[in-house]
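Coordinate inspection notes
For reference, the chains in residue letters:
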Amino acid sequence: MLTPTQNSTAVLQLHLVPAGRRLDFEVVPGCFAYVYRRQHQQAWQCVARNACSPYFDHTPIARDSQPEYVVCYCDAAGNIKAATSIAATPAATPQHTA
């Protein structure tokens, strides 16, 4: 996979929802969307091929983890034509008890 920040042209929005994480991204004509996720600065993992927007990531994630996402747009031959910027979940805020 090429570095996600290269050829970054499309917009990726990440929302925390009760079911998990919702990713909203543009549909690029003639391209297939591949969703990648990484945690703790480890290697990127493809979590969805030919994904539709919105994409919901229901994978359980540790509360202290801040996963990052990027969407790469590939042509029919599998060549990456564009990618979104990296979107990250906000840090978990500690719960205060009264």
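In the block above lies the structure referred to throughout.
Quick summary incoming for the structure in this document. Please read all numbers here as calculations on a predicted model, not as lab measurements. (Residues numbered from 1 in each chain as written. Predicted model: local features only at pLDDT ≥ 70, side-chain atom pairs only at ≥ 80, totals over all residues. Heavy atoms only, no water.)

**Some thoughts on the pattern of salt bridges**
Evaluated as defined, the whole model comprises 5 salt bridges. For Arg37, the salt bridge identified is with Asp57, shortest N-O distance 2.6 Å. Of the two residues, Arg37 is situated in strand S4 (residues 32-38) and Asp57 in strand S6 (residues 55-57); the sequence distance between them amounts to 20 residues. You can call Arg37 buried: its relative accessible area is 8%. A residue is classified by how much of its surface remains accessible, and Asp57, at 1% relative accessible area, is buried. We note a salt bridge from Lys81 to Asp75, for which the minimum N-O separation is 3.6 Å. Residue class for Lys81 comes out partly exposed when judged on its relative accessible area of 49%. Looking at Asp75, the relative accessible area reads 17%, which means it is buried. Beyond isolated ion pairs, a larger network of salt bridges with shared partners links Arg21, Arg37 and Asp57. (Salt bridge = Lys/Arg side-chain N within 4 Å of Asp/Glu carboxyl O. Helix = DSSP H or I, 4+ residues; strand = E, 2+ residues; numbered from the N terminus. Buried < 20%, exposed > 50% of the residue type's maximum accessible area, 1.4 Å probe, protein only.)

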